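# Examining the three-dimensional arrangement
For reference, the chains in residue letters:
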Amino acid sequence: MARTIFMNDRLVPEEEARVSVFDHGLLYGDGVFEGLRSYSGHVFRLDAHLDRLWDSARAICLEIPLTKEAMAQAVIDTLAANSLTDGYIRLIVTRGGGTLGLDPNRCSNPQVIIIADTISLYPREFYEQGLRIVTAATQRIQSAALSPRIKSLNYLNNIMAKLEGLQASCVEALMLNHKGEVAECTGDNIFVVRSGRLLTPPPDAGILEGITRNAVMELAETDGIDCREATLTRHDLYTADECFLTGTAAEVIPVVEIDGRTIGHGNPGPITRRLTDAFHALVRA
Ligand code: PMP
């Protein structure tokens, strides 16, 4: 089915949604994006996603040519135009058309694009049985080179690690930072459970501070599960009682094997299940 896309200031049919070959989003990955979910017609944590988009844009000196209110309305209009109540929304702001040089100051017309579609989650059996993942040799890019907190259109660092995962027949891969500490997976944050306590790497481990991650941390607190940010090594993962990943697309997904080591008893653990249920209740609330 042909989709309706929001482009800059209006809704257009998919085939009319086009960007210039001179757009630096295409030429250099110069731009920012967000991935959001809508559940029963309600966009989950829309404000948090818009704040993160604006922060990403600020960090790269990109001025978004819409107000947050107008962007929020455009998200809702795009969902409606595609008759979607439960869907995935991709928000993109490119640097706009420029010259073949890098200079972003010579670009004009940043493009605001909103795509709403259905989401293909991981197959159901992965949620029931848990994922196998491997550690990628590709390190998460250092903050001093490019902050992983910027959700930029340049995802090659993650794609290189994703390729390694796929080559090992895994749909996700673990990424370490330059110090060898656990950062995150290629498109998901990571948590472990140890002695009833939930642990996840802090933002300065070189992660994107996930909105699902933050929601799960809040749910843990409400549920009386001790949750803290901690520097983690692969040893902490291998010896954990439970492990799971979080992300807008993935939601909460158990991990049962890392680098050939069985985690806990090799199936989704009780705290993972509790938080998964709590997350489903939250998004549908
Ligand atoms: N880390 C990375 C690298 C991501 O791209 C994402 C989003 N897919 C996440 C973590 C999870 O963030 P969120 O929960 O906000 O989707």
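No experiment lies behind these values; they were computed from the predicted model shown. (Residues numbered from 1 in each chain as written. Predicted model: local features only at pLDDT ≥ 70, side-chain atom pairs only at ≥ 80, totals over all residues. Heavy atoms only, no water.)

### Some points on the site of the ligand
- The local shell around the ligand holds 17 residues, among which Tyr-155, Glu-184, Ile-211, Thr-212 and Thr-248 are the closest.
- Within the side chain of Lys-151, an N or O atom sits 3.2 Å from an oxygen atom of the ligand.
- Within the complex, 93% of the 390 Å² of free accessible area of the ligand lies under protein.
- Of all elements in the fold, only α6 (211-222) and β13 (242-247) reach the threshold of two or more residues within the shell around the ligand.
- The residue makeup of the shell around the ligand, split by class, is three nonpolar, nine polar and five charged. (Near = heavy atom within 4 Å. Polar contact = N/O pair within 3.5 Å; in protein donor to acceptor, adjacent residues only side chain to side chain. Areas by Shrake-Rupley, 256 points an atom, 1.4 Å probe, with all protein chains shown as cover. Helix = DSSP H or I, 4+ residues; strand = E, 2+ residues; numbered from the N terminus. Nonpolar A, V, L, I, M, F, W, Y, C, P; charged D, E, K, R; others polar.)

### Overview of the packing of helix α2 (residues 46-59) against helix α3 (residues 68-81)
- The interhelical angle for the contact between α2 and α3, taken along N-to-C directions, is 125 degrees, at an axis separation of 11 Å. If you check the angle between α2 and α3, you find them oblique. Classified by chirality, the crossing of α3 by α2 is right-handed. Counting all contacts with α2, which are made through Leu-46, Leu-50, Asp-51, Leu-53 and Trp-54, the residues of α3 involved are Lys-68, Met-71, Ala-72 and Val-75.
- Here the residues of the contact of α2 with α3 sort into seven nonpolar, no polar and two charged. (Axes fitted to C-alpha atoms, helices over the stretch in contact; angles between N-to-C directions. Parallel < 35°, antiparallel > 145°, perpendicular 65-115°, else oblique. Left-handed = near helix turned anticlockwise from the far one by under 90°. Contact = heavy atoms within 4.5 Å.)

### Looking at the environment of Ala-80
- Locating Ala-80 in the fold gives a position in helix α3.
- Residue class for Ala-80 comes out exposed when judged on its relative accessible area of 56%. (Buried < 20%, exposed > 50% of the residue type's maximum accessible area, 1.4 Å probe, protein only.)

### Here we look at the pattern of salt bridges
- Using the criterion set out here, one finds 16 salt bridges in the structure.
- In this structure, the salt-bridge partner of Asp-51 is Lys-68, at a minimum N-O distance of 2.6 Å. Highlighted residues: Asp-51 in helix α2 and Lys-68 in helix α3, separated in sequence by 17 residues.
- Take Lys-68: its relative accessible area is 30%, and that puts it in the partly exposed class.
- Here Arg-197 and Asp-226 are joined by a salt bridge, their closest N and O atoms 2.7 Å apart. (Salt bridge = Lys/Arg side-chain N within 4 Å of Asp/Glu carboxyl O.)

### Some thoughts on a nonpolar patch on the surface
- On the surface, Val-21, Phe-22, Leu-26, Leu-27, Tyr-28, Leu-100 and Leu-102 cluster together to form a nonpolar patch covering roughly 710 Å² of accessible area.
- Turning to its location among the elements, Leu-100 is positioned in the loop between β5 (87-94) and β6 (112-117). (Patch = residues over 30% accessible without salt bridge, like charges linked within 9 Å, V, L, I, M, F, W, Y side chains within 5 Å.)

### Digging into the domain arrangement of the protein chain
- Taken domain by domain, the protein chain holds domain 1 (4-117) and domain 2 (124-284).
- Surface buried jointly by domain 1 and domain 2 totals about 1,800 Å² across both partners, of which 63% is contributed by carbon and sulfur atoms.
- The three residues of domain 1 that bury the most area against domain 2 are Phe-33, Tyr-39 and Arg-52, which together make up 34% of that side's buried surface.
- Residues Arg-45 and Glu-218 are paired through a salt bridge, measuring 3.0 Å at the closest nitrogen-oxygen approach.
- Seen at the junction of domain 1 and domain 2, the total is nine residue pairs in polar contact (both at pLDDT 80 or more).
- Among the secondary structure elements, those contributing two or more residues to the side of domain 1 that touches domain 2 are α1 (24-28), β3 (31-39), α2 and β5.
- At eight residues, β3 tops the list of elements feeding residues into the side of domain 1 that touches domain 2.
- Taken together, the residues that form the side of domain 1 that touches domain 2 break down as twelve nonpolar, seven polar and five charged. (Domains from an automatic or database assignment. Buried area = accessible area lost by both parts, 1.4 Å probe.)

### Some points on the sheet that holds strand β1 (residues 4-7)
- Taken in spatial order, the six strands make up an open sheet running β2-β1-β6-β5-β3-β4, and their pairing is antiparallel. Among the strands making up the open sheet, the edge pair consists of β2 (10-13) and β4 (42-43).
- Strands β3, β4 and β5 of the sheet are contacted by α2, whose axis makes an angle of about 175 degrees with β3. (Pairing = 2+ DSSP bridges.)

### Points about the pairing of strand β7 (residues 131-135)
- Where burial is concerned, most of β7 is hidden: four out of the five residues are buried.
- As judged from the two bridges shared by β7 and strand β8 (residues 173-176), these two strands associate in the parallel manner. Looking across to β8, one finds that Thr-135 is bridged to Leu-174.
- With helix α5 (residues 156-167) bridging β7 and its parallel neighbour β8, the resulting β-α-β unit is right-handed. (Right-handed = clockwise from strand over helix to strand, strands pointing away.)

### Quick word on the state of the cysteines
- One pass over the structure, following the stated rule, counts zero disulfides.
- In this structure Cys-170 is a free cysteine whose sulfur lies 10 Å from that of Cys-185, the closest cysteine sulfur available.
- Considering cysteine sulfurs only, Cys-243 is the nearest to Cys-227, which forms no disulfide, with 13 Å between them. (Disulfide = S-S within 2.5 Å.)

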